[in-house]
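Summary of structural features
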Amino acid sequence: MALLKKLKRFKYLEPSLVILGFFLFTFCVIGCFFYWNYRAVTKAFRFPLQSERFLLLKFDGPVLKNKKAEFLSEMGSGCDVFEGDWVWDESYPLYQSRNCSFLDVGFRCSENGRPDNLYTKWRWQPRDCDLPRFDAKLMLEKLRNKRVVFAGDSIGRNQWESLLCMLASGVSDQSSIYEVNGSPITKHNGFLVFKFKDYNCTMEYYRAPFLVLQSRPPSAALQNVKTTLKLDQMDWNSVNWKDADVIILNTGHWWNYEKTVRGGCYFQEGAEVRMDMEVESAYRRSIETVVDWINREVNMSNTQVFFRTYAPVHFRGGDWRTGGACHLETLPDLGSTSLPPQTWPKFSIVIDVLSARSHLPGIKDLNLLNVTHMTSRRKDGHSSLYYLGPKTGPAAIHRQDCSHWCLPGVPDTWNELLFALFLKRTWNDSSPSHAHMS
């Protein structure tokens, strides 16, 4: 009888046990599904634009890799430092904008309200070698009693200010760094010269967006010719560049229809204004003039000359005048990418001219700072909406800056490459065996 009563109680509970069993079975099935399809699920629900490689680098710690040759060593002598990849590095950035007083407000993206800082965490890793870690004190010591000149457009200024901050990070007394004429950092100055007093070296910037001379047109020119670019003459300030110990030149961003012909700036050779000359042809002629000037006027035994190639812009859905945007970009392109069509001519023209003049004695030691391909992947690094200052706030959505770069950021990498190439030349010149000590 007792057993029968137990069986009857079990019968009353049977529906509940069936339901409980169903839930347990369902839970197990779902659990197995997630277990066996974990990779597929995580891939499907990945954050936008975050590649598998980025997730690995960012969240799973460093990736083990084979030891590469040091660029400054003899084994690294054949390494192309411009071929490589962007890798995540938690030790970056090399400085903070709030700690550097030598930056235009337009480059201080984090202070101007940019909410993310991912763009500051990427390091350039050459494919076949390792770059030396940037060492501000070492570079300043190498630059003792020397002049460094940057000449070019505002992207060149972007790089110049980056290097100022990188070097200043190695100086304890910031008041020992000053502009020799007392001028403040402002984009409206034609030139600025900052002195590192303890090292008696200067970091100089000369605004010359075309590198060749822009001036008033001949008196017989047509009325719509407001100014001309004299394609066969260097900028007047070039007399101040040629005797520097290190020269970094760049041009390209002003070589377009909007900045030239549309505004009444035409091209001139000799006394003739070439009204029908295309911008690309004029750009090629100007690069020829620059290269010939280097060969003729610069003593390459005493001066290291770097020509930095064009840094691509990343406007989407328009350009700077028509509402182009880049503010939603937070990650680089981690795979290899081809150059945007509008970038290729400005890159290839420089390569063509240098190749055609490679036989000249003063050109064989010219350093090409070939940043175009690597920079084309960094759509995430631009000032975008964050260039007006902390009090003004983000810019209007249709007035974005996808040309200039946040600092710290991409131009720091250009200067890390500059540092590596500068050391390579310096050490090789002073003692060929010194390279083994890197």
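See the structure printed just above.
A brief look at the structure comes next. (Residues numbered from 1 in each chain as written. Predicted model: local features only at pLDDT ≥ 70, side-chain atom pairs only at ≥ 80, totals over all residues. Heavy atoms only, no water.)

Our next topic: the pairing of strand β8 (residues 201-207). Counting buried residues along β8, six of its seven residues qualify, which places the element largely inside the surrounding structure. As paired strands, strand β5 (residues 147-152) and β8 are joined by six bridges and run parallel to one another. Opposite valine 149, over in β8, you have glutamate 204 as the bridge partner. The pairing of strand β7 (residues 191-196) with β8 spans six bridges and is antiparallel. The residue bridging valine 193 from the neighbouring strand is glutamate 204, located in β8. Hairpin remark: β7 followed by β8, antiparallel, with four residues in the connecting loop; positive phi at asparagine 200, about 50 degrees. (Buried < 20%, exposed > 50% of the residue type's maximum accessible area, 1.4 Å probe, protein only. Helix = DSSP H or I, 4+ residues; strand = E, 2+ residues; numbered from the N terminus. Pairing = 2+ DSSP bridges.)

What follows deals with helix α6 (residues 279-297). One turn of an α-helix holds 3.6 residues; hence residues three or four places apart share an orientation. Between the first and last C-alpha of α6 there are 26 Å, a value that for 19 residues agrees with the 27 Å anticipated at 1.5 Å per step. Three or more residues of α6 are buried, namely Val279, Ala282, Tyr283, Ser286, Ile287, Glu288, Thr289, Val290, Val291, Trp293 and Ile294. For α6, the elements touching its buried residues are β9 (212-215), β10 (227-234), β11 (246-249), β12 (265-269), β14 (304-308) and α7 (344-356). (Expected span 1.5 Å × (residues − 1). Contact = heavy atoms within 4.5 Å.)

Here the structure, examined in full by the defined rule, presents four disulfides. Between the sulfur atoms of cysteine 100 and its disulfide mate cysteine 165 the distance is 2.0 Å. Since a negative S-S torsion denotes a left-handed disulfide, the cysteine 100-cysteine 165 link at about -90 degrees is left-handed. Taken together, the residues span a long stretch of sequence, with cysteine 100 in the loop between β2 (84-88) and β3 (122-126) and cysteine 165 in helix α5 (residues 154-168) at a distance of 65 residues. Exposure class is identical for cysteine 100 and cysteine 165. Each is buried. Note on cysteine connectivity: cysteine 326 is disulfide-linked to cysteine 402, with sulfurs 2.2 Å apart. Judged by the torsion about the S-S bond (-100 degrees), the cysteine 326/cysteine 402 disulfide is left-handed. Separated by 76 residues along the polypeptide, cysteine 326 in the loop between β14 and α7 and cysteine 402 in strand β17 (residues 401-405) bring together distant segments of the chain. Each member of the pair, cysteine 326 as well as cysteine 402, is classed as buried. The connectivity of the disulfide-linked cysteines in the protein, indexed sequentially, is 1-4, 2-5, 3-8, 6-7. (Disulfide = S-S within 2.5 Å.)

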